[in-house]
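Structural overview for review
Listed below, chain by chain, are the residues.
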Amino acid sequence: MKMPEASFFEWQGQFNSETDCLNHIKKMRWPNGFMCPRCGCEHAYELTTRQLYECSQCHKQTSVTADTLFHGSRIPLTKWFWAIYFLGSDKGSISALRLSKLIDVNWRTARLVLSKLRTAMGHRDSLYRLSGVIEIDDALVGGKRKGKRGRGAAGKTPVLVAVESKGKKAGFIAMQAVNRVCHDNVEQFVAKHLTIQQEVHKDGLPALNIIDKTQQHEARVTPSELVDEWLPWVHIAIGNLKAFLLGTFHGVTGKFLQEYLNEFCYRFNRRQMEREIPNRLLNLAIIHAPVHSH
Ligand SMILES: [Zn+2]
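We now turn to the structure provided with this report. (Residues numbered from 1 in each chain as written. Predicted model: local features only at pLDDT ≥ 70, side-chain atom pairs only at ≥ 80, totals over all residues. Heavy atoms only, no water.)

Focus: the sheet that holds strand S1 (residues 44-46)
Formally: Whether two strands pair depends on DSSP finding at least two bridges between them. For helices the rule is a DSSP run of H or I covering at least 4 residues; for strands it is a run of E covering at least 2, with both sets numbered from the N terminus onward. Each axis is a line fitted through C-alpha atoms, taken for helices only over the stretch in contact, and angles between the N-to-C directions span 0 to 180 degrees.
The three strands are arranged S1-S2-S3 in an open sheet whose pairing can be described as antiparallel. Whereas interior strands pair on both sides, the edge strands pair on one side only; in this sheet they are S1 and strand S3 (61-63). Here the average twist between neighbouring strands, direction ignored, is 25°. Examined bridge by bridge, S1 and strand S2 (residues 52-55) share three bridges and lie antiparallel to one another.

As structure tokens, then:
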């Protein structure tokens, strides 16, 4: 489904007040009008705050933001909506520090808002299974020093990467941070992100051999100068990821890495519809269950 594209001015015009934001959530949650979740009655009173409906039959009160990503948040919806716009419209992402200044909240709050949005992005993409020809590889990212597998890797986190190869184009992508590249982690990653019995290309790393349990895999031990021919897309994706992490976050540590991977993949997977991302992300926040802070 195509979603509207949004410029800064359109967004500002559309979501100018709390009432605008609440009305938008109501329209998206109850496109055919409010219905009481307890008794199904379609008649309700809007309480004066406009954030609650009270069922005229059973008197159950329903919050407009209950069961959405905005649930339990103390910041105004206008700030949430702007956070969604800034995160969704900037290819290079946004840091918590910059967001905190733009929407006038403290750093911790900005960090939490971004964390919830990135978690939702990951859940959205985990509904998809990669298929066709798939390239898989691992990479070490984050930390301050450059490092390769097995040496000089201090402070770096291993990441498993899978990309659909469509010949001259890449398709969908999935990435997961792991504590180490071992059979168990690879098996879980493949089960979560790949349709079974696909054609998987990978290199000769033994931990990746577990893939042959569920996939038709072909491993090649490639000299480093040929590796880009055998696994072109996965290496382009890893290069882009490293640039993305360095640009905005100046190197990321393990704890938050998966959130950034979620965002990177979400954006990559929607690169043909970049200008729709703010509205897609807003819709996701409305249909996504609350994410508890950590
Ligand atoms: Zn009711």
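Topic: helix H2 (residues 18-29)
Note the following rule: A helix's residues, less one, multiplied by 1.5 Å, set its expected span. With a 1.4 Å probe rolled over the protein chains alone, any residue whose accessible area is under 20% of its type maximum counts as buried; one over 50% counts as exposed, and the rest are partly exposed.
For H2, built from 12 residues, the straight-helix expectation of 16 Å at 1.5 Å per residue is met to within 8% by its first-to-last C-alpha distance of 16 Å. Of the residues making up H2, those classed as buried are Cys21, Leu22, His24, Ile25 and Lys26.

Description of the coordination of the zinc ion
What counts is decided by this rule: In this description, a donor is an N, O or S atom within 2.8 Å of the metal centre, a cutoff extended to 3.2 Å for sodium, potassium and calcium. Water is not part of the atom list, which can make sites seem incomplete. Think of it this way: with four donors and all angles in the 85 to 135 degree range, the site is tetrahedral; with four or six donors, opposite ones beyond 155 degrees and the rest between 65 and 115, it is square planar or octahedral; otherwise it is irregular.
At the metal site, the zinc ion is ligated by Cys36 (SG), Cys39 (SG), Cys55 (SG) and Cys58 (SG), and these contacts range over 2.2 to 2.4 Å. Considering all four donor atoms around the zinc ion, the spread of angles at the metal, 104 to 115°, places the coordination shape in the tetrahedral class. Considered as a linear motif, the donors of the zinc ion on their single chain read C-x2-C-x15-C-x2-C. Using a relative accessible area of 2% as the deciding quantity, one classes Cys36 as buried.

A closer look at the sheet that holds strand S4 (residues 133-141)
The cut-off we apply is this: Here, residues are in contact when the closest pair of their heavy atoms is within 4.5 Å.
Pairing in this open sheet of five strands is mixed, and the strands run S6-S5-S4-S7-S8 from one edge to the other. Because the sheet does not close on itself, it has two edges, and the strands there are strand S6 (169-177) and strand S8 (216-220). The sheet shows a mean angle of 25° between the axes of neighbouring strands, taken without regard to direction. The sheet strands contacting helix H6 (residues 183-193) are S4, strand S5 (157-166) and S6, and the helix crosses S6 at an angle near 135°.

Comments concerning empty space enclosed by the protein
Keep this limit in mind: In this analysis a 1.4 Å probe is tested at points of a 1 Å grid over the protein atoms alone, and where it fits but cannot get out there is a cavity; an open set with protein on both sides within 12 Å along at least five of seven lines is a pocket; lining residues have an atom within 4 Å of a point. Grid points are joined across faces, edges and corners, and a volume is the space filled by probe spheres set on the points. We call Asp, Glu, Lys and Arg charged. Ala, Val, Leu, Ile, Met, Phe, Trp, Tyr, Cys and Pro are nonpolar, and the rest, Gly among them, are polar.
Taken as a whole, this structure holds one cavity of 30 Å³ or more when the rule is applied. Forming the boundary of the largest cavity are Val186, Glu187, Val190, Ile210, Ile211, Lys213 and Thr214. Its residues placed into classes, the lining of the largest cavity shows four nonpolar, one polar and two charged.

A look at the pairing of S6
Counting buried residues along S6, seven of its nine residues qualify, which places the element largely inside the surrounding structure. Examined bridge by bridge, S5 and S6 share seven bridges and lie antiparallel to one another. Paired with Ser165 across the strands is Ala170, a residue of S6. Counting the residues between successive antiparallel strands, the hairpin from S5 to S6 contains two residues, one of them, Gly167, with a positive phi of roughly 70°.

Overview of the pairing of S2
Taking the residues that link successive antiparallel strands as the turn, the S1-S2 hairpin has five residues, and the phi of Arg50 there is positive, at about 70°. As defined by bridge partners, S2 adjoins S3 across three bridges and the pair is classed as antiparallel. Along S3, the bridge assignment pairs Tyr53 with Thr62. Adjacent in sequence and paired antiparallel, S2 and S3 are bridged by five residues, among which His59 carries a positive phi angle near 65°.

Concerning the packing of aromatic side chains
To keep it simple, the criterion reads: When the centres of two rings from Phe, Tyr and Trp lie within 6.5 Å, Trp using its six-membered ring, the rings pair. Their planes under 30 degrees apart give stacked, over 60 give edge-to-face, and anything left gives tilted. Here, a charge over a ring means that NZ of Lys or CZ of Arg falls within 6 Å of the ring centre while also lying within 35 degrees of the ring normal.
Going through the model one piece at a time under the given rule, you end up with 17 aromatic pairs. Between Phe8 and Trp82 the ring centres are 5.0 Å apart and the planes differ by 35°, which places this aromatic pair in the tilted class. In this pair, Phe8 is assigned in helix H1 (residues 8-14) and Trp82 in helix H3 (residues 77-89), connecting sequence segments 74 residues apart. Residue Trp82 is classed as buried on the basis of its relative accessible area, which comes to 16%. Among the aromatic residues, those joined into a ring-pair cluster are Phe8, Phe9, Trp11, Phe15, Phe70, Trp80, Phe81, Trp82, Tyr85 and Phe86. The ring of Phe256 has Arg111 sitting right over it, with the charged end atom 3.9 Å from the ring centre. Here the basic side chain of Arg271 rests over the ring of Phe268, its NZ or CZ set 4.2 Å away from the ring centre.

Observations regarding H3
Its 13 residues give H3 an end-to-end C-alpha distance of 18 Å, which sits within 8% of 18 Å, the value for a rise of 1.5 Å per residue. Within H3, 11 of the 13 residues are buried, which leaves the element mostly enclosed by the surrounding structure. Leu77, Thr78, Trp80, Phe81, Trp82, Ala83, Ile84, Tyr85, Phe86, Leu87 and Gly88 are the residues of H3 that are buried.

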